[in-house]
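So the chains spell out like this:
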Amino acid sequence: MTQRDLIQRLPKAELHLHIEGSFEPELMMQLAARNKIDLRFKTLDEAKAAYNFSNLQEFLDLYYEGMQVLRTEEDFHDLTWAYLQRAAADNVRHVEMFFDPQAHTARGVPFGAVTEGILAALARGEKELGISGYLIMSFLRHLSEEDGFDLLKVSEPWHDKFIGVGLDSSEMGHPPLKFERLYKRCEALGFKLCMHAGEEGPPQYVREALLDIGVDRIDHGNRSMEDPALIEILRDTQTPLTNCPLSNLSLCVIHDLKDSPVKAQLEAGLMVTVNSDDPAYFGGYVGRNYEQVSQALGLSDAQIIQLARNSFEASFLPGVSKKRHLAAIDAVTH
Ligand code: ADE
Ligand code: ZN
């Protein structure tokens, strides 16, 4: 079996995916027309030419601009459904999906329209594609902690629909501890805790997320590799890191895929996983992330299989479901 076939055939979970980052320019233009909204880009080529970033903020500016055409529950359904079909084609069996409600409610889109649209597509994905899906509500870290508390209140009727909370957007200058009280409250409410940390921010941000906030998962975590004592803590606690190779390359977190930390993290015994982050903007869904990072780093088949196993181990699925998915991996590889 070629490595490409192996990657395709392995059941996988995707744990770091912003649904708004799966907004393909084709669909963006369709929804702009449907909602009678003018987009800055008139052609697909114009849109794609703009997808050229030198840091996280340049991407975020475009990401928030693109999502302005998402207005109705149907829009959020169509966006999510398009992602799920794409994920199914890569043999993704489970997804834990971030969404950014504050980026929509600030534009006057009701929280319920956003959430119900996504949930309807997730239910359809389970029924028609056999993909299970959990939703993770993300706070925007460039906003205040008070804004985060407001979101927590507005979202109250849907709290049982979310497996956890996340923290994303501009990292530098917005350390985890800015949200310490909010995360304490979320923990008390029973949410799983995720945070982007160490994408652009220093290892100290990963330490805060892990040791002060007590998160269950670190999103990205690249810069942990600068801190040997932190690497030891990550290994001893088996705290999952959701790495996103093509995102790292697009946002100049690394300058070549050969500099991806995935192989070093596997070899250090860390619970690293491979994910797509914002696949419409970074040139590939999860399968392509596996393929490209494997090619650049010369990963062995055993390491690819380990990444697929990690994706389920690091998920928030109950133990019985993890076992079932791991057995399906064994069935492909034995
Ligand atoms: N929001 C969407 N993608 C993100 C990323 N890679 N980092 C921070 N915030 C994000
Ligand atoms: Zn992300």
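Here's a quick rundown of the structure. From a predicted model like this one, the values you see are computed outputs, not experimental measurements.

1. Focus on the overall build of the chain
Part 1: Broken down by element type, the chain carries 17 helices and eight strands.
Part 2: Over its C-alpha atoms the chain spans a radius of gyration of 19 Å, differing by no more than 12% from the 20 Å that the globule rule assigns to 334 residues.
Part 3: Across the 334 residues that make up the chain, the buried fraction comes to 57%.
Part 4: For the chain, the share of sequence-separated contacts (at least 6 apart) that also reach a separation of at least 24 residues comes to 75%.
Part 5: When the accessible surface of the chain is summed, it comes to about 13000 Å², and 50% of that surface belongs to carbon and sulfur atoms.
Part 6: On the chain, the mean spot of the 33 positive side-chain charges and the mean spot of the 50 negative ones are 4 Å from each other.

2. Description of the pattern of salt bridges
Part 1: Summed over the entire model, instances satisfying the criterion amount to 18 salt bridges.
Part 2: A salt bridge links Glu96 to Arg217, with the nearest nitrogen and oxygen atoms 2.7 Å apart. Placement of Glu96 in strand β2 (residues 92-99) and of Arg217 in strand β6 (residues 217-220) is noted, with a sequence separation of 121 residues between them. In terms of burial, Glu96 and Arg217 fall into one category: buried.

3. Observations concerning the sheet that holds strand β5 (residues 192-197)
Two orientations exist for strands paired in a sheet by backbone hydrogen bonds: parallel and antiparallel.
Part 1: Read across the sheet, eight strands follow the order β1-β2-β3-β4-β5-β6-β7-β8 without closing on themselves; strand pairing throughout is parallel. Here the strands that pair on one side only, and so sit at the sheet edges, are β1 (12-18) and β8 (272-274). Geometrically, the sheet is characterised by an average inter-axis angle of 25 degrees between neighbouring strands, direction not taken into account.
Part 2: Where strand β4 (residues 162-168) meets β5, two bridges bridge the pair, whose relative direction is parallel. Pairing of Val165 across the sheet is with Leu193, part of β5.

4. Notes on the layout of surface pockets
Part 1: Roughly 180 Å³ of internal volume is contained in the largest pocket.
Part 2: Forming the boundary of the largest pocket are Arg4, Ile7, Gln8, Lys12, Arg86, Asp90, Gly284, Tyr285, Gly287, Arg288 and Glu291.
Part 3: Elements that contribute at least two residues to the lining of the largest pocket include exactly α1 (3-9) and α15 (286-297).

5. Overview of the coordination of the zinc ion (ligand 2)
Part 1: Coordination of the zinc ion (ligand 2) by the protein comes from His16 (NE2), His18 (NE2), His196 (NE2) and Asp277 (OD), over a distance range of 2.0 to 2.2 Å.
Part 2: For the zinc ion (ligand 2), the four donor atoms in the first shell make angles of 82 to 174 degrees at the metal, a pattern classed as irregular.
Part 3: Look at where the donors of the zinc ion (ligand 2) fall in the sequence and you get H-x1-H-x177-H-x80-D. Taken together, the residues span a long stretch of sequence, with His18 in strand β1 and His196 in strand β5 at a distance of 178 residues.
Part 4: Taking relative accessible area as the criterion, His18 reaches 4% and is therefore assigned buried.
Part 5: Note on His196: relative accessible area 5%, which makes it buried.

6. Topic: helix α2 (residues 25-34)
Part 1: Every buried residue belonging to α2 is among Pro25, Leu27, Met28, Leu31 and Ala32, and all of these are buried. Looking straight down α2, one finds that the buried residues subtend no more than 155 degrees of arc, so they occupy a single side. Exposed residues on α2 whose side chains face more than 90 degrees from its buried face are Gln30 and Ala33.
Part 2: Buried positions along α2 lie against α3 (44-50), α4 (56-66), α5 (73-89) and α14 (279-282).

7. Details of the nonpolar core
Part 1: Of all hydrophobic cores here, the largest spans 105 residues; its most connected members are Phe139 and Tyr281.
Part 2: For this core, the element with the highest residue contribution is helix α7 (residues 111-129), accounting for seven residues.
Part 3: Leaving out residues up to four positions away in the same chain, Phe139 has contacts with Gln102, Gly148, Leu151, Leu152, Val165, Gly166, Leu167, Asp168, Leu182, Tyr183 and Cys186.

Parameters and conventions
- Each chain carries its own residue numbering, running from 1 in the written order of its sequence.
- Just so you know, chain letters begin at A and ligand numbers begin at 1, following the order they were written in.
- Two thresholds apply to this predicted model, a pLDDT of at least 70 for residue-level local features and 80 or more for giving and counting side-chain atom pairs, whereas whole-chain, interface and lining totals are computed over all residues.
- To obtain the side-chain values, all non-hydrogen atoms of the structure were included, while hydrogens and water were left out.
- Helix and strand labels come from DSSP, where a helix needs a run of H or I of at least four residues and a strand needs a run of E of at least two; each type is numbered from the N terminus.
- Only the C-alpha atoms count toward the radius of gyration. The rule for a globule is 2.2 Å times the residue count to the power 0.38.
- With a 1.4 Å probe rolled over the protein chains alone, any residue whose accessible area is under 20% of its type maximum counts as buried; one over 50% counts as exposed, and the rest are partly exposed.
- In this description, contact between two residues means that some pair of their heavy atoms is separated by no more than 4.5 Å.
- Only the protein chains shown count as covering a residue, and every accessible area follows the Shrake-Rupley method with a 1.4 Å probe.
- Under the counting rule used here, the positive set is Lys and Arg, the negative set is Asp and Glu, and His together with the chain ends is not counted.
- A charge is said to be at NZ when it belongs to Lys, at CZ for Arg, at CG for Asp and at CD for Glu.
- Throughout this description, the term salt bridge denotes a Lys or Arg side-chain nitrogen within 4 Å of a carboxyl oxygen of Asp or Glu.
- Think of it this way: DSSP has to see at least two bridges between two strands before they count as a pair.
- Note on geometry: axes are lines fitted to C-alpha atoms, helical ones only across the stretch in contact, with angles between N-to-C directions running from 0 to 180 degrees.
- The distinction between a cavity and a pocket rests on a 1 Å grid over the protein atoms alone: a 1.4 Å probe fits inside a cavity but cannot get out, while a pocket stays open yet meets protein on both sides within 12 Å along at least five of seven lines, and a residue with an atom within 4 Å of a point counts as lining.
- Grid points are joined across faces, edges and corners, and a volume is the space filled by probe spheres set on the points.
- Donor atoms: N, O and S within 2.8 Å of the metal, or within 3.2 Å for Na, K and Ca. Because water is excluded, sites can look incomplete.
- Just to be clear on the cut-offs, tetrahedral is four donors with all angles between 85 and 135 degrees, square planar is four donors and octahedral six with opposite donors over 155 degrees apart and all others between 65 and 115, and anything else goes down as irregular.
- When we speak of the arc, we mean the arc of directions from the helix axis to the C-beta atoms.
- Put simply, buried Ala, Val, Leu, Ile, Met, Phe, Trp, Tyr and Cys residues joined by side-chain atoms within 4.5 Å make one nonpolar core.

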